[in-house]
Amino acid sequence: MRLEEIKYPSLARKLLPPAIALGATIIIASLLAMAAGANPFSVFGLILQGAFGSKFALLETLNRATPLIFTGLAAAVAFRARFWNIGAEAQLYAGALITVVLGTGLLAWPSFALLPLLAVCAVIAGAVVLLVPALLKTRFGVDEVVTTLLFNFIFLLFISMLLEGPLKDPMGMGWPKSARLIPEARLPRIVDGLRLHWGFALATISAIAIWVIQNRSTLGYEMRAVGLNKEAAAFAGIPVNRVLVKTALLSGGLAALAGFSEVAGLKGSLTLDLSPGFGYTGIIVAMLAMLNPLGVIAAALFVAGIFVGADSMSRAADVPTYLADIMLATALLLMVLAIMLTRFRVVRD
């Protein structure tokens, strides 16, 4: 048996395997819920109720989806060009770090000037962090999976050192956290009294902008060409290494916006637990969206809904919240298989 590439897959071929993958994920999750002694219909109902059943629940889901949209876009952009950026955690913290450095009083500007500056500086910080692995790959052929993954641990240790040293809040009762942002550096709330902030709008606009870049620009065409076949792209005159570097800069900047939005919109200060794995979860989001920037929004809402709804479900049905982690891991594995089956068919020799 071997895999044969499908040059022009039909619409059914593109849609059916992902649909089957999601259906299989639900079936597996149902079996696990039954093994835990719960009614699977009740479990899924509680997840939906907890994630979307009220105004508060819906806004919390949108709030949780915001950083996932940014990190999902970062992964989708990089993976489209076959640059395997596994370091969105480091880039996220880079964006959060520069936001805290500039936004805790160093620049006493009004909000309309300070917030755009913080966002731009965060993008630059994330781009610079990913530039190093990109140059190592293009100049020396170093595997970017290894370098970007290791940068996550290096940067977290660097943040830990800063929070125990020069960035430690003297009014923080000894806790390793930075000083709080000044009011002018905080993203305003979309709905008064609730936590959803304008970072969600920025994430949505970013997804639309990336879709336009990928589908309506020369850079987007070059990224797709490099991702499909580097040798053919180089033969056609596309500067492959330059495209990979540009892709890395864009990907790192998007991931850094997740850190900016979390600090400026939600937390108000930098801590080591700022991200519970948003960078890694962004890879799941990108794969569920099949690397489509607009699909990233829907995938991020799906993943955020599972996490938010699982917390409510766990309290009501006495089922471990780990069920959500298993659902996402299963969905990722099956979606990878589904993506493969949309491009290849299994044939017998």
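See the structure printed just above.
Described below are features of the structure shown in this document.

Parameters at a glance
Sequence order as written defines the numbering, with residues in each chain counted from 1. Since the coordinates come from a predicted model, pLDDT governs what is reported: local features require at least 70, and pairs of side-chain atoms require 80 or more to be given and counted, while whole-chain, interface and lining totals use all residues. By convention in this description, side-chain values take in all heavy atoms of the structure and omit both hydrogens and water. Secondary structure elements follow DSSP: runs of H or I of four or more residues count as helices, runs of E of two or more count as strands, with numbering from the N terminus. Here the radius of gyration uses the C-alpha set of atoms, whereas the globule reference equals 2.2 Å times the residue count to the power 0.38. Burial status follows relative accessibility: with a 1.4 Å probe on protein chains alone, a residue under 20% of its type maximum counts as buried, one over 50% as exposed, and anything between as partly exposed. Note on contacts: a residue pair is in contact if any heavy atoms of the two residues lie within 4.5 Å. Here the Shrake-Rupley method, with its probe set to 1.4 Å, supplies the accessible areas, and only the displayed protein chains count as covering residues. Counted as positive: Lys and Arg. Counted as negative: Asp and Glu, with His and the chain ends omitted from the count. Charged side chains are reduced to one point each, which is NZ for Lys, CZ for Arg, CG for Asp and CD for Glu. Residues are called lining when one of their atoms sits within 4 Å of a cavity or pocket point, these points coming from a 1 Å grid over the protein atoms alone, where a cavity is a set in which a 1.4 Å probe fits but cannot get out and a pocket is an open set with protein on both sides within 12 Å along at least five of seven lines. Grid points are joined across faces, edges and corners, and a volume is the space filled by probe spheres set on the points. Throughout this entry, Asp, Glu, Lys and Arg are counted as charged residues, while Ala, Val, Leu, Ile, Met, Phe, Trp, Tyr, Cys and Pro are counted as nonpolar. The remaining residues, Gly among them, count as polar. Salt bridges are defined as contacts in which a side-chain nitrogen from Lys or Arg sits within 4 Å of a carboxyl oxygen from Asp or Glu. Only residues whose relative accessible area exceeds 30% and that form no salt bridge are eligible for patches; like-charged ones are grouped when within 9 Å, while nonpolar side chains (Val, Leu, Ile, Met, Phe, Trp, Tyr) are grouped when within 5 Å. Any Phe, Tyr or Trp ring, taking Trp's six-membered ring, that has another such ring centre within 6.5 Å forms a pair; planes under 30 degrees apart are called stacked, those over 60 apart edge-to-face, and the others tilted. Think of each axis as a best-fit line through the C-alpha atoms, taken over the contacting stretch in the case of a helix, with angles from 0 to 180 degrees between the N-to-C directions. For classification purposes, angles smaller than 35 degrees are called roughly parallel, those larger than 145 roughly antiparallel, those between 65 and 115 roughly perpendicular, and all remaining angles oblique. The hand of a helix crossing depends on one turn: near helix anticlockwise from the far one by less than a right angle means left-handed, and clockwise means right-handed. By convention a nonpolar core is built from buried Ala, Val, Leu, Ile, Met, Phe, Trp, Tyr and Cys residues, the set being connected through side-chain atoms within 4.5 Å. A helix's residues, less one, multiplied by 1.5 Å, set its expected span.

## Topic: the overall build of the protein chain
Reasoning step 1: Counting its regular elements, the protein chain contains 13 helices and two strands.
Reasoning step 2: In terms of overall size, the protein chain behaves like a compact globule, its C-alpha atoms giving a radius of gyration of 21 Å where 349 residues would be expected to give roughly 20 Å.
Reasoning step 3: Projecting the C-alpha coordinates of the protein chain onto the three principal axes gives extents of approximately 70 × 60 × 35 Å.
Reasoning step 4: Within the protein chain, the proportion of its 349 residues that are buried is 50%.
Reasoning step 5: Contacts in the protein chain between residues far apart in sequence, at least 24 positions, make up 77% of those at least 6 positions apart.
Reasoning step 6: With an accessible surface of roughly 16800 Å², the protein chain has 69% of that area assigned to carbon and sulfur atoms.
Reasoning step 7: The protein chain carries 26 positive and 18 negative side-chain charges, and their two centres are separated by 8 Å.

## Some words on the layout of surface pockets
Reasoning step 1: Here the largest pocket is characterised by a volume of approximately 1200 Å³.
Reasoning step 2: Of all the elements in the fold, those that place two or more residues in the lining of the largest pocket are α1 (11–35), α3 (55–80), α7 (199–216), α8 (218–228), α11 (278–288) and α13 (322–343).
Reasoning step 3: The element that contributes the greatest number of residues to the lining of the largest pocket is α13, accounting for five residues.
Reasoning step 4: A breakdown of the residues in the lining of the largest pocket according to their chemical character gives 18 nonpolar, five polar and seven charged.

## Description of the pattern of salt bridges
Side-chain pairs of opposite charge can arise whenever the charged atoms involved come near each other.
Reasoning step 1: Following the criterion strictly, the structure yields three salt bridges and no others.
Reasoning step 2: The partner of R195 in a salt bridge is E60, and the shortest N-O contact between them spans 2.9 Å. Residue R195 is located in the loop between α6 (144–163) and α7, and its partner E60 is located in helix α3; the two are separated by 135 residues in the primary sequence.
Reasoning step 3: Notably, a salt bridge pairs E144 with K137, separated by 3.1 Å at the nearest N-O pair. K137 matches E144 in its accessibility class, with the two residues each being buried.

## Focus: the environment of I154
Reasoning step 1: Looking at the element boundaries, I154 is found in helix α6.
Reasoning step 2: Sequence-wise, I154 and A90 are 64 residues apart; in three dimensions their C-alpha atoms are separated by 8.1 Å.

## Here we look at a nonpolar patch on the surface
Reasoning step 1: A cluster of nonpolar side chains, W84, V145, V146, L149, L150, F153, I154 and Y280, forms an exposed patch at the surface whose accessible area comes to about 690 Å².
Reasoning step 2: If one sorts the elements of the nonpolar patch by residue count, α6 sits on top with six residues.
Reasoning step 3: Mapped onto the elements of the fold, L149 is located in helix α6.
Reasoning step 4: The exposure class of L149 is partly exposed, given its relative accessible area of 31%.

## What about the packing of aromatic side chains?
Reasoning step 1: Applying the stated criterion across every chain yields a total of two aromatic pairs.
Reasoning step 2: The interplanar angle of 65° and the centroid separation of 5.8 Å between the aromatic rings of F155 and F158 together place this pair among those described as edge-to-face. Here F155 pairs with F158, and both are found in helix α6, just three residues apart, close to one helical turn.
Reasoning step 3: We classify F155 as buried; its relative accessible area is 13%.

## Some details on the packing of helix α4 (residues 88–103) against α11
Reasoning step 1: Where α4 meets α11, the axes come as close as 7 Å, and the angle between the chain directions of the two elements is 125°. When the interaxial angle is binned, α4 and α11 end up oblique. Of the two elements, α4 crosses α11, and the hand of that crossing is right-handed. The segment α4 lies against α11, with A88, E89 and L92 engaging F278, G279 and Y280.
Reasoning step 2: Partitioned by chemical class, the residues of the contact of α4 with α11 number four nonpolar, one polar and one charged.

## Focus: the packing of α4 against helix α10 (residues 240–267)
Reasoning step 1: Packing of α4 against α10 leaves a shortest axis separation of 7 Å and a crossing angle of 50°. It follows from the interaxial angle that α4 and α10 lie oblique. Crossing handedness for the pair α4 and α10: right-handed. Counted together, A88, Q91, L92, G95, A96, T99 and V100 of α4 and S251, G252, A255, A256, A258, G259, F260, V263 and A264 of α10 form the full contact between these two elements.
Reasoning step 2: Here the residues of the contact of α4 with α10 sort into 10 nonpolar, six polar and no charged.

## What to know about the nonpolar core
Reasoning step 1: By size, the foremost hydrophobic cluster in this structure holds 103 residues, and its most contacted members are V43, I69, F79, F155, F260 and L270.
Reasoning step 2: In terms of residue count, the dominant contributor to this core is α3 (13 residues).
Reasoning step 3: When near neighbours in sequence (up to four residues on either side) are disregarded, L270 contacts Y93, A96, L97, V100, I159, L163, K177 and S178.

## Focus: unusual backbone geometry
Reasoning step 1: With a phi close to 60°, R82 is a non-glycine residue in the positive phi region.
Reasoning step 2: In this fold, R82 is placed in the loop between α3 and α4.
Reasoning step 3: Of note in this structure, M290 is not a glycine but carries a positive phi near 55°.
Reasoning step 4: Topologically, M290 is positioned in the loop between α11 and α12 (293–317).

## What about α1?
Working note: α-helix, 3.6 residues per turn, so residues spaced by three or four point in the same direction.
Reasoning step 1: The first and last C-alpha atoms of α1 sit 37 Å apart over 25 residues, in line with the 36 Å expected at 1.5 Å per residue.
Reasoning step 2: Burial in α1 covers these residues: P17, P18, A21, T25, A29, S30 and A33.
Reasoning step 3: Packing partners of the buried residues in α1 comprise α2 (40–52) and α13.
Reasoning step 4: One or two residues past the end of α1 sits G37, with phi positive at roughly 85°.

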